[in-house]
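Residue-level structure breakdown
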Amino acid sequence: MARTKAHRIVEKAIWEMTATEAKVRIESLSRELEAHNHRYYVLSQPSISDYEFDQLLKELESLEQQFPDFADVNSPTKRVGGDITKKFNEVVHDFPMMSLSNTYSKDEIVEWENRIRKIADGEITYVCELKYDGVAIGIKYVNGAMLQAVTRGDGTKGEDITNNVRTIRTIPMKLSGEDYPADFEIRGEIFYPLESFQKLNAQREEAGEALFANPRNTASGTLKMQDSAVVAQRGLDCYLYGVYSKSPLASSHFESVQNAGKWGFKIPLQEKKMIETCENIDQIMAFINHWDEARHRLDFEIDGIVIKVNDYRQQEELGFTAKSPRWAIAYKFKAAEVTTVLESVSYQVGRTGAITPVANLKPVLLAGTTVKRASLHNADQIEKLDLRIGDHVYVEKGGEIIPKVTAVDLAKRNPDAPVFEYITHCPECETPLARNDGDAKHYCPNDAGCPPQIKGKMEHFISRKAMDIEGLGSETIEQLHEAGMIHSIADLYDLTADQLLPLERMAEKSVENMLDGIEASKQVPFERVLFALGIRYVGETVAKKLARHFKSLEQLMAADAETLVAVDEIGERIAQSVVDFFAQPDHQTLIERLRQAGLQFEIPEEQFAGNTEKLKGLSFVISGVFERHSRDELKALIEKHGGKNAGSVSSKTSYVLAGEGMGPSKREKAEKLGVSIISEGDFEALIA
Ligand code: IVH
């Protein structure tokens with residue numbers, strides 16, 4: 001493999017380092033990387049390039065591998081995850097995690113303010129904050145280092161999710177400044193930013209997977225995942241709202257929050273009015289009214305406003321009821337919801353043939369935009385809502401871009417309205433619809449003849465993450481399809497300037513760009529070509545996995561469902577879809593034409609440099625957590641040396657590669673079947 005000069009120098013330097021030098025360098029690199037993290041994620045003011053950051057991180061990774069004794073649990077290398085938590089341990093909270101009394105009524109806020117003004121001694125200053133709609137978290141720090149992150153649970157005890165919380169880039173693992181208490185807990189709310197949430201759902205949609213309902217539940221589900229590497233990729237974020245310590249802190253809540261900002265935490269921005277001190281009820285109401293409207297422009301969801309007494313002494317004086325502090329109250333916004341009439345239901349056909357029903361509504365204003373359509377997801381959803389045309393329906397806007405129908409106002413239903421019948425044939429090509437066991441959606445099986453599927457597949461093929469064909473957009477695809485020049489993606493590679501120039505809106509320059517773009521796509525790597533083919537359930541990640549495992553289209557096409565399922569993370573649904581795709585004669589013709597055109601159907605040899613066949617014919621099962629490698633690295637090493645990875649122990653398993661916390665059932669099974677259990681060190685010796 002070609003190595004940069006810098007890389008060689010770094011490696012040489014590490015090789016020659018004494019343990020003391022390594023320790024010093026590891027500490028300084030960790031500090032530097034955490035500072036860059038803070039600048040990038042919390043302040044949005046990066047001062048080095050991503051490349052430079054990666055180089056520093058790589059240096060730290062190699063040092064930690066060489067000197068594992070100095071690898072800190074709070075090292076910046078932990079941000080990418082990899083630690084597996086099989087069971088989240090229960091932890092009793094030092095300070096109970098209480099709830100807030102809340103109200104939807106502004107009158108009750110006025111009453112609350114009146115009441116506490118009478119109880120507390122002296123003038124009261126309030127702090128108004130956003131009520132983040134996420135998952136509460138309490139994180140303990142000792143001597144400036146993250147110790148433990150615990151969920152709210154039942155308020156008295158929660159679950160230790162530290163490994164997952166370490167992957168959230170805006171939460172510091174080591175604090176900056178010096179004036180933080182030696183031992184304290186900070187509490188806040190972890191949430192799913194809307195942009196990341198929508199991206200996640202778009203990826204799932206593309207892979208034909210069920211969509212997540214809302215950002216809050218998805219944040220909660222993500223934090224309970226066993227594999228922290230997946231959590232790391234999800235892009236969760238966190239705002240902090242309270243500091244708790246047995247030793248004395250600042251004198252007010254506002255001051256504490258500002259201090260937490262100086263220690264490196266992400267705190268609400270004053271300049272964006274996300275936190276404000278208020279002297280009276282009018283200022284509190286102005287804050288509430290501002291956010292009731294402005295919340296729709298935030299990149300995360302809030303469900304209300306929290307009003308807190310600022311002074312800690314006054315907070316103490318006011319005290320708590322059984323469940324919540326008297327010194328705080330939440331004003332909750334009503335969900336952005338309206339009722340309107342369901343006029344009709346139409347059906348969209350996606351590029352993979354999946355049918356999505358859409359509600360056509362009498363236009364209505366909701367959270368600042370006019371809504372005419374809402375998603376109905378699938379036939380089951382319509383049945384669950386028991387929808388009838390003409391119904392008055394409730395429409396709500398949550399974290400998604402498209403609003404959804406949540407319920408029917410049965411009191412207003414016309415008793416004669418017929419029961420809703422879902423379509424049985426494709427609205428575009430009349431083919432009878434199919435539905436596979438376990439699939440939520442119906443689909444049109446006529447993929448070679450159904451117009452939206454043909455166009456959709458072509459648009460997908462040329463899209464940025466697939467073949468990325470410059471000079472060709474969906475309008476041109478539409479035009480070429482309508483002119484009868486392209487029926488399949490392979491036709492793109494037969495287009496000539498003579499054919500294109502006579503078409504409307506085709507200038508010489510645009511034709512040249514288009515043909516250059518098509519020509520250049522012949523160099524797009526195999527994994528993206530595979531993604532571009534648009535096989536149902538084969539999204540970007542799955543395509544990458546399959547390409548790297550099988551290395552060529554020929555080998556992938558030769559694989560049966562059983563072989564496919566043996567590949568890490570490939571389930572039966574994906575396996576069957578791949579087998580079905582390649583079994584169709586018109587797909588085989590398509591592949592042959594694309595091969596003739598010169599597309600990349602394999603990973604070039606150079607990428608296999610360093611590969612050996614030392615593990616040929618051997619099948620491995622990895623279990624537990626390892627000192628020097630992540631599980632993904634071990635899997636990659638096994639494949640690099642010709643071995644195979646399997647998910648469960650069977651008589652075909654050659655070795656179980658066992659790390660810390662290996663599952664007892666795996667061990668038992670391996671022992672029963674007489675499969676050798678080896679350590680990370682034994683494995684390194686095998687491939688040395
Ligand atoms: S203060 C004693 N401030 O709301 C309770 N909570 O109903 C102190 N929340 O579990 C909580 N934003 O998860 C506080 N700015 C904020 C908040 C907030 C969201 C959540 C928190 C808590 C729940 C209470």
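Computed from a predicted model, the values in this text were never measured in an experiment. (Residues numbered from 1 in each chain as written. Predicted model: local features only at pLDDT ≥ 70, side-chain atom pairs only at ≥ 80, totals over all residues. Heavy atoms only, no water.)

Summarising burial for strand β7 (residues 183–191): eight of the nine residues are buried, a large majority. Direction of pairing for strand β4 (residues 135–142) relative to β7: antiparallel, over a ladder of eight bridges. Bridged to Ile139 within β7 is Ile186. Two elements, β7 and strand β8 (residues 237–244), share seven bridges in a ladder whose sense is antiparallel. Bridging across to β8, Glu189 finds its partner in Tyr239. (Buried < 20%, exposed > 50% of the residue type's maximum accessible area, 1.4 Å probe, protein only. Helix = DSSP H or I, 4+ residues; strand = E, 2+ residues; numbered from the N terminus. Pairing = 2+ DSSP bridges.)

Below, the discussion takes up the packing of helix α13 (residues 451–462) against helix α14 (residues 474–482). Between α13 and α14, whose axes approach to 10 Å, the crossing angle comes to 135°. As judged from the angle between their axes, α13 and α14 are oblique. In this structure, α13 meets α14 at a crossing whose hand is right-handed. Between α13 and α14, the contacting residues are Ile454, Lys455, Met458, Glu459 and Ile462 on the first element and Ser474, Ile477, Glu478, His481 and Glu482 on the second. (Axes fitted to C-alpha atoms, helices over the stretch in contact; angles between N-to-C directions. Parallel < 35°, antiparallel > 145°, perpendicular 65-115°, else oblique. Left-handed = near helix turned anticlockwise from the far one by under 90°. Contact = heavy atoms within 4.5 Å.)

On to the sheet that holds strand β17 (residues 619–623). A sheet is described by the order of its strands in space; here four strands give the open sequence β18-β17-β19-β20, paired in parallel fashion. The sheet terminates laterally at β18 (644–646) and β20 (676–678), the two strands that pair on one side only. Neighbour to neighbour, the strand axes of the sheet diverge by 35° on average, direction disregarded. As paired strands, β17 and β18 are joined by three bridges and run parallel to one another. Bridge pairing links Val621 to Ala646 in β18.

Around the ligand, the surrounding shell holds 14 residues, and the nearest of these are Glu129, Leu130, Glu189, Tyr241 and Lys308. Here Leu100 contributes a backbone N or O atom positioned 3.3 Å from an oxygen atom of the ligand. In this structure, Tyr132 approaches the ligand through a main-chain N or O atom, which is 3.1 Å from a nitrogen atom. Taken by itself the ligand offers 520 Å² of open surface, and the protein chains cover 90% of this. Where the shell around the ligand is concerned, the elements lending two or more residues are β3 (126–132) and β10 (302–309). With four residues, β3 is the largest single contributor of residues to the shell around the ligand. Classifying every residue of the shell around the ligand gives eight nonpolar, one polar and five charged. (Near = heavy atom within 4 Å. Polar contact = N/O pair within 3.5 Å; in protein donor to acceptor, adjacent residues only side chain to side chain. Areas by Shrake-Rupley, 256 points an atom, 1.4 Å probe, with all protein chains shown as cover. Nonpolar A, V, L, I, M, F, W, Y, C, P; charged D, E, K, R; others polar.)

According to the stated counting rule, one finds two cavities of 30 Å³ or more in the structure shown. Considered as a void within the structure, the largest cavity measures approximately 40 Å³ in volume. Lining the largest cavity, in full, are Val91, Val92, His93, Asp94, Gly138, Lys140, Val150 and Glu185. Residues belonging to the lining of the largest cavity are distributed by class as follows: three nonpolar, two polar and three charged. By volume, the second largest cavity amounts to about 30 Å³. Around the second largest cavity, the lining residues are Lys78, Gly81, Gly82, Asp83, Asn163, Arg166 and Ser228. Classifying every residue of the lining of the second largest cavity gives no nonpolar, four polar and three charged. (1 Å grid on protein atoms, 1.4 Å probe; cavity = no way out; pocket = protein on both sides within 12 Å on 5 of 7 lines; lining within 4 Å. Points joined across faces, edges and corners; volume = space filled by probe spheres on them.)

Despite not being glycine, Lys273 has its phi angle at roughly 60°, a positive value. Here Lys273 is to be found in the loop between α9 (253–262) and β9 (275–278). You will see that Asp468, though not glycine, has its phi angle at about 50°, which is positive. By secondary structure assignment, the location of Asp468 is in the loop between α13 and α14. Since its relative accessible area comes to 37%, Asp468 is described here as partly exposed.

With 13 residues, helix α6 (residues 194–206) extends 18 Å from end C-alpha to end C-alpha; this agrees with the ideal 18 Å at 1.5 Å per step. Within α6, burial applies to Leu194, Phe197, Leu200, Asn201 and Arg204. End-on view of α6: buried residues confined to an arc of 125°, all on one side of the axis. As for α6, its buried residues are in contact with α7 (215–223) and α8 (228–234). (Expected span 1.5 Å × (residues − 1). Arc of directions from axis to C-beta.)

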